[in-house]
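Chain residues, written in single-letter form:
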Amino acid sequence: MRLDKFVCKSTELTRTDATVMITGGCVSVNHDVILDVATQVHENNHISLNGEILTARPSRYILLHKPADTICSNIDEAYPSLFNYIDVENASELHVAGRLDADTTGLVLVTDDGRWSFNIITPTQHCQKVYRVGLSRPIGDDVAAKFAHGVQLQGEPQLTRPAILEVVSPKEVLLTITEGKFHQVKRMFSAVGNRVVSLHREKIGAIQLDVAVGQWRYLTDDEINSFTR
């Protein structure tokens, strides 16, 4: 992680305070004074502040049931932040591993471990996300085959990655994708002449949503490790 983030995660300093300390020559990495706040460091490095060894707080891994009309930002904007529902210390250090639109509900994973979230959000890791989709029109018989092949989204140079479509009812489907382009699910159905009227994420990898709206819990060790196997 970045040196300034490591300092914040090891102390009670704000990002601004950490920057002042680093650029002021107060922080050493493996006994060398480092002035660049963006220097990449590892927990195994010998990192000290004014001669005192720093140890980062353990990473946190959280499952949240995102309500509608909330955003995945750390601060309130046009809609309130979903972090208002998570009552933990140093919440500003957390980020969402795979954001949802304001009107989309369901499973959100929250962490302060950037390497862990990389395995969730990077398409090359093939992490499956399952969405329950409500549609304005009955689903066409040929849509599953089109999604399995990949569809062309407006403004995108490449087809979407192969996706799995399961029909629940004429206007409700389950869609499994392994990438997360901007408004991807909505744009996929728009590309086949339909419109999404409700969108809910039920599953990420092996993790199934299992808490009520607005509730959260910590992930188990098995759930955490499922993204690194």
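Residues numbered from 1 in each chain as written. Predicted model: local features only at pLDDT ≥ 70, side-chain atom pairs only at ≥ 80, totals over all residues. Heavy atoms only, no water.

Draft legend 1. A look at the side chain of Lys129. Along the chain, Lys129 turns up in strand 8 (residues 129–135). Engagement of the side chain of Lys129 in a polar contact is seen with the backbone oxygen of Ile120, the distance being 2.5 Å. Excluding residues that lie within four positions of it along the chain, Lys129 makes contacts with Ile120, Ile121, Leu175, Thr176, Ile177, Thr178, Arg201, Lys203 and Ile204. (Helix = DSSP H or I, 4+ residues; strand = E, 2+ residues; numbered from the N terminus. Polar contact = N/O pair within 3.5 Å; in protein donor to acceptor, adjacent residues only side chain to side chain. Contact = heavy atoms within 4.5 Å.)

Draft legend 2. Helix 1 (residues 3–10), seen in detail. When you tally the buried positions in helix 1, you get seven out of eight residues, the bulk of the element. Turning to helix 1, its buried residues number three or more, namely Leu3, Asp4, Phe6, Val7, Cys8, Lys9 and Ser10. (Buried < 20%, exposed > 50% of the residue type's maximum accessible area, 1.4 Å probe, protein only.)

Draft legend 3. Molecular detail of the packing of aromatic side chains. For the structure on display, the rule yields four aromatic pairs. On the basis of an interplanar angle of 80° and a centroid distance of 5.1 Å, the ring pair of Phe147 and Phe189 is categorised as edge-to-face. Taken as a pair, Phe147 in helix 4 (residues 143–149) and Phe189 in helix 5 (residues 184–191) lie far apart in primary sequence, 42 residues in all. Just as Phe147 is buried, Phe189 falls in that class too. Centre to centre, the rings of Trp216 and Tyr218 are 5.1 Å apart; their planes meet at 85°, and the pair counts as edge-to-face. In this structure Tyr218 comes out as partly exposed when scored by relative accessible area, which is 43%. Ring pairing ties together the aromatic residues Tyr61, Trp116 and Phe227, which thus form one cluster. (Phe/Tyr/Trp six-rings, centres within 6.5 Å; stacked < 30°, edge-to-face > 60°.)

Draft legend 4. Structural detail: unusual backbone geometry. Even without being a glycine, Asp69 presents a positive backbone phi close to 60°. With respect to the secondary-structure elements, Asp69 resides in the loop between strand 5 (61–66) and strand 6 (95–96). Even without being a glycine, Asn90 presents a positive backbone phi close to 50°. Secondary-structure assignment places Asn90 in the loop between strand 5 and strand 6.

Draft legend 5. Representation of the side chain of Thr104 in the model. Position of Thr104 among the secondary structure elements: in the loop between strand 6 and strand 7 (105–111). Since its relative accessible area comes to 1%, Thr104 is described here as buried.

Draft legend 6. Structural context of the sheet that holds strand 4 (residues 52–53). With respect to topology, four strands assemble into an open sheet ordered 2-1-3-4, the strand pairing being antiparallel. Every other strand in the sheet has two partners, leaving strand 2 (32–33) and strand 4 as the edge strands with one partner each. Looking at chain direction, strand 3 (residues 47–49) and strand 4 are connected through two bridges and run antiparallel. What sits directly across from Ser48, in strand 4, is Ile53. (Pairing = 2+ DSSP bridges.)

Draft legend 7. The arrangement of the pattern of salt bridges in detail. As enumerated under the stated definition, the model contains 18 salt bridges in all. Put simply, Arg2 and Asp4 hold a salt bridge, and the shortest N to O gap is 2.8 Å. Exposure remark for Asp4: the relative accessible area of 2% places this residue in the buried category. With its nearest N and O atoms 3.8 Å apart, the salt bridge here joins Asp112 to Lys9. Note that Asp112 is positioned in the loop between strand 7 and helix 3 (114–121) and Lys9 in helix 1, a separation of 103 residues in sequence. Its relative accessible area of 2% is what places Asp112 among the buried residues. In this structure, a network of salt bridges that share partners links the residues Lys9, Glu12, Arg57, Arg60, Glu93 and Asp112. (Salt bridge = Lys/Arg side-chain N within 4 Å of Asp/Glu carboxyl O.)

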